Amino acid sequence: MPPSHRPPEAQLDLLVASRGRSDRLTHTEHLPARQGRHAPWPESIRPEIRAAALDLGIRRPWTHQVEAMNLAKAGQTVVIATGTASGKSLGYLAPVLSELLTGTEAPNGRGSTALYLAPTKALAADQRRRATELAPERVRAALYDGDTPPQEREWVRQYASYVLTNPDMLHRSILPAHPRWSSFLKTLRYVVVDECHSYRGVFGSHVAQVLRRLRRVCRRYGADPAFLLASATTADPAATAERLTGLPAHAVTEDASPRGQMVFALWEPPLTEHVGEQGAPVRRTATAEAAYLLTDLVTAGTRTVAFVRSRRAAELVALQAQDNLEPQLANRVAAYRGGYLPEERRALERDLYSGRLLGLASTSALELGIDVSGLDAVLLAGYPGTRASLWQQAGRAGREAQGALAVLIARDDPLDTYLVHHPEALFARPVEATVLDPDNPHVLAPHLCAAAAELPLTEADVELFGPNAAALLPVLERRGLLRRRADGAWYWTRRERAADAVDLRGTGGAPVQIVEESTGRLLGTVDAAAAHTTVHTGAVHLHQGRSYLVRELDLEHSVALVSAANPSYTTAARDITSISVMSTEQTVAWGEGTLNFGSVEVVNQVVGYLRKRIATGEVLGETKLDLPPRTLRTRAVWWTVTEDQLLDAVIPFDQLPGAAHAAEHASIGLLPLFATCDRWDIGGVSVPLHPDTLLPTVFVYDGHPGGAGFAEHGFRHAARWLTATRDAIRACECARGCPSCVQSPKCGNGNDPLDKAGAVRLLGALLAGAPADDAEST
Ligand SMILES: [Zn+2]
Ligand SMILES: [Zn+2]
């Protein structure tokens, strides 16, 4: 079959027309083609680099690249936050490589150096390739990661001028051994922080402190590198870059690269005849809908990738589409996911590129690095969590001349439902910001120790580590970790390495190992924080698409013993959560109501679990569990209303628990629209009469000790966040609450009680006193 030459509108018409699907298309956005805008190369870029760029087909840079090059040359901290495939890397590579090239003329051949940080090894390897394409060989670019052999490491330290690594290596290996890196650090001119939006939450907070440690060590060697960051487009990239580096940053946001026309459709799968929890209507899953749409697009000869969220879903979508298709087309559809061998993956990429494959169901493994441009259509089964991923995936479609089609298929949850009915949240100015909180004492403390071990901490250093550092140092001294000597500086006192005390990507507590009972094989681990709810005795646990029954959760040894099983039910933990206010940092009056931010203690106890039939969600029975309570000290945003407000909003006291609970669920579902968290990073509690506030109160808290900045971000943008929450609930077409609005898959109360209409009135009463949108602090 010849490849499709239908324009994207026609492809979309075809999807809508067949099988009576017109009511599923909630919005069509036409993104017009954009002409590129060039500018001449800045004088500061060396002719060798320009010539190499020309060989790669780059005659002149785009204007946003030139803006970044000039700022970098001036030694400014810059964040380039332009679209996917807009050439962000040339924007920082050209000034960095020019500087390094000039440095090769120094007597020792290394007059200047630069460090590149990527969140993944694969990206660092890809970037090393790009650097070698643009710069002559005498600019020595080298990878430095966990796979670098010891004999090569010495060479990198002594001779490489462009070192590509990741924050984990910087933290564990480079900074603790800085004297061995002294000649590299002395001449450090640039630090590139690529994909910086991925440094969010607790991980991002750790990385922010690692960068402060780097700046301090550099200072000691007399270097003051400029930071060049690349980010996906988010709200306020300059503020994020400042939080990450601790330095004032300039943002380059005006994208001057050309773009083909794109038709972006928003799609809501239909309701099915199944009923879920509390008799709620249930929609067809986004993956099932993706399989149908993939079938139709492949039948029409349209080269399509369907992005899904799990490996299992990738296999399922490919299988379903193959089942639906004629045999000669069925073998032109495949699945693509992490875990395949490199040669298998390359073969699939080749087949897609050549057109032998017409349809591919893929996890985000295809998102980065690999070039499969030239697709006709992209399906996204569920919002991929951030705008960055959304555009990265959608950006896979499109050829120069011909337009492309992208379809976002909503999953049955409040965020996706909101998005397909509020296209402005996707296509207008970004509302989602990258959130991190480097001042969290739980994050900061181990980095102060690591910094003191690197070089004794002086009074003058303290400011670099933020407003909480000064108060924390005496605490660390009392714990016997640091000692202040007569010279006034703090020293690390232990024999063990301070940097080993923190894993940047860890979430606290020893993870629970999942072990197969019959073979003793280790299947994987779950975070300590999630173990009680996910691998309690009797739980059905899914691992890489296979289901297991937990025989026993042994808390003493942090082991869950499981056996393979195929029960016809799933399990859902029931828990009891109480929350107390430790301190209120900020309170804002919203009319009679209040909005607050502060520290809380959350005590959670898993008390039992429900078994639910897979097909229908029908509850088969409840089993009690005897697990100890867990305590979390963290940060929360909470709001209160008065009895008069309840009266005015016609919420009788017996409806209040359901109304507050429903508002809490939906607000947790919508927070990821504003902050780069997912609903599993945050928790909530709603109380009709809270002992600390003596009022009806709804709390939303960070799920990590000390907080990760999400609740604080919710507090700062509460008017927009809670307005979106109310709108999402009100717009849902269900009668009494469903997973698209107020039901939550992680509710510890079996989604009972929930009062959808009451939640809309309750939020309305609260929001009536909210400040106007533009009065919000940012
Ligand atoms: Zn609903
Ligand atoms: Zn709940």
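Residues numbered from 1 in each chain as written. Chains lettered and ligands numbered in written order. Predicted model: local features only at pLDDT ≥ 70, side-chain atom pairs only at ≥ 80, totals over all residues. Heavy atoms only, no water.

Concerning the state of the cysteines
And then number 1: One pass over the full model with this rule turns up zero disulfides.
And then number 2: Not part of a disulfide, Cys196 finds its nearest cysteine sulfur in Cys677, a span of 18 Å. (Disulfide = S-S within 2.5 Å.)

Points about the sheet that holds strand S8 (residues 249–252)
And then number 1: Taking strand neighbours across the sheet as the criterion, the seven strands line up as S4-S5-S3-S6-S7-S2-S8 in an open arrangement whose pairing is parallel. The open sheet has two edge strands with one neighbour each: strand S4 (141–143) and S8. Averaged over all pairs of adjacent strands, the angle between strand axes in this sheet comes to 20°, irrespective of strand direction.
And then number 2: In this structure, strand S2 (residues 77–80) lies alongside S8, joined through four bridges in parallel fashion. Paired with Val78 across the bridge in S8 is His250.
And then number 3: Docked against the sheet, helix H4 (residues 88–103) engages S2, strand S3 (113–117), strand S5 (162–165), strand S6 (188–193) and strand S7 (226–230), running at close to 165° with respect to S6. (Pairing = 2+ DSSP bridges. Helix = DSSP H or I, 4+ residues; strand = E, 2+ residues; numbered from the N terminus. Axes fitted to C-alpha atoms, helices over the stretch in contact; angles between N-to-C directions. Contact = heavy atoms within 4.5 Å.)

Notes on the packing of helix H3 (residues 63–73) against H4
And then number 1: Put simply, H3 and H4 touch, their axes get as near as 8 Å, and they point 40° apart. Overall, the two elements H3 and H4 adopt an arrangement that is oblique. Seen along the crossing, H3 lies across H4 with a hand that is right-handed. Contacts between H3 and H4 involve Gln65, Ala68, Met69, Ala72 and Lys73 on the former and, on the latter, Leu90, Gly91, Ala94, Pro95 and Glu99.
And then number 2: Of the residues assigned to the contact of H3 with H4, the class counts are six nonpolar, two polar and two charged. (Parallel < 35°, antiparallel > 145°, perpendicular 65-115°, else oblique. Left-handed = near helix turned anticlockwise from the far one by under 90°. Nonpolar A, V, L, I, M, F, W, Y, C, P; charged D, E, K, R; others polar.)

As for the pairing of strand S15 (residues 377–381)
And then number 1: Counting buried positions along S15 gives five out of five residues, so the element sits mostly inside the fold.
And then number 2: Relative to S15, strand S12 (residues 304–307) runs parallel, the two sharing four bridges. Bridging from a neighbouring strand, Phe307 pairs with Leu380 of S15.
And then number 3: The sheet contact formed by S15 and strand S16 (residues 404–409) spans five bridges and is parallel. When the bridges of S16 are listed, Ala381 appears paired with Ile409. (Buried < 20%, exposed > 50% of the residue type's maximum accessible area, 1.4 Å probe, protein only.)

Quick look at the nonpolar core
And then number 1: Ranked by internal contacts, the top residues of the largest apolar core, which has 120 residues, are Phe264, Val407, Trp590, Trp639, Leu673, Leu722 and Leu762.
And then number 2: The dominant element in this core, judged by the number of residues it contributes, is helix H23 (residues 656–670), at eight residues.
And then number 3: The contacts of Leu722, once residues within four sequence positions are left out, are Trp590, Trp639, Ser667, Leu763, Leu766 and Leu767. (Core = buried A, V, L, I, M, F, W, Y, C linked by side-chain atoms within 4.5 Å.)

Concerning the coordination of the zinc ion (ligand 2)
And then number 1: The protein atoms that coordinate the zinc ion (ligand 2) are His661 (NE2), His665 (NE2) and Cys747 (SG), at distances spanning 2.1 to 2.3 Å.
And then number 2: Counting along the primary sequence, the residues that act as donors to the zinc ion (ligand 2) give the motif H-x3-H-x81-C. In this pair, His661 and His665 are both assigned in helix H23, four residues apart and thus about one turn of the helix distant. Taken as a pair, His661 and His665 share a single burial class, namely buried. (Donors = N, O, S within 2.8 Å, 3.2 Å for Na, K, Ca; no water.)

Re the coordination of the zinc ion (ligand 1)
And then number 1: Ligation of the zinc ion (ligand 1) by protein atoms is provided by Cys732 (SG), Cys734 (SG), Cys738 (SG) and Cys741 (SG), these donors lying 2.2 to 2.4 Å from the ion.
And then number 2: For the zinc ion (ligand 1), the four donor atoms in the first shell make angles of 100 to 119° at the metal, so the coordination geometry reads as tetrahedral.
And then number 3: Spacing between the donor residues of the zinc ion (ligand 1) along their common chain follows C-x1-C-x3-C-x2-C.
And then number 4: Under the relative-accessibility criterion, Cys732 is labelled buried at 8%.
And then number 5: Residue Cys741 is classed as buried on the basis of its relative accessible area of 1%. (Tetrahedral: all angles 85-135°; square planar, octahedral: opposite > 155°, others 65-115°.)

Looking at the confidence of the model for the protein
And then number 1: Averaged over all residues, the pLDDT of the protein is 90; the fraction at 70 or higher stands at 95%.
And then number 2: Considering only residues more than four positions removed or in separate chains, one finds that residues 774–778, a stretch of pLDDT under 50, has nine contacts. (pLDDT = per-residue confidence, 0-100.)

Overview of the pattern of salt bridges
And then number 1: In total, this model carries 33 salt bridges according to the counting rule given.
And then number 2: Across the pair Glu48 and Arg138 runs a salt bridge whose closest N-O atoms are separated by 3.8 Å. Here the residue Glu48 occupies a position in helix H2 (residues 47–55), and Arg138 occupies one in the loop between helix H5 (121–134) and S4, the gap between them amounting to 90 residues.
And then number 3: Take Arg138: its relative accessible area is 41%, and that puts it in the partly exposed class.
And then number 4: Arg213 serves as the salt-bridge partner of Glu454, at 2.6 Å between the closest nitrogen and oxygen. Note that Glu454 is positioned in helix H18 (residues 441–454) and Arg213 in helix H9 (residues 201–220), a separation of 241 residues in sequence. Across the pair, exposure class does not vary: Glu454 and Arg213 are buried alike. (Salt bridge = Lys/Arg side-chain N within 4 Å of Asp/Glu carboxyl O.)

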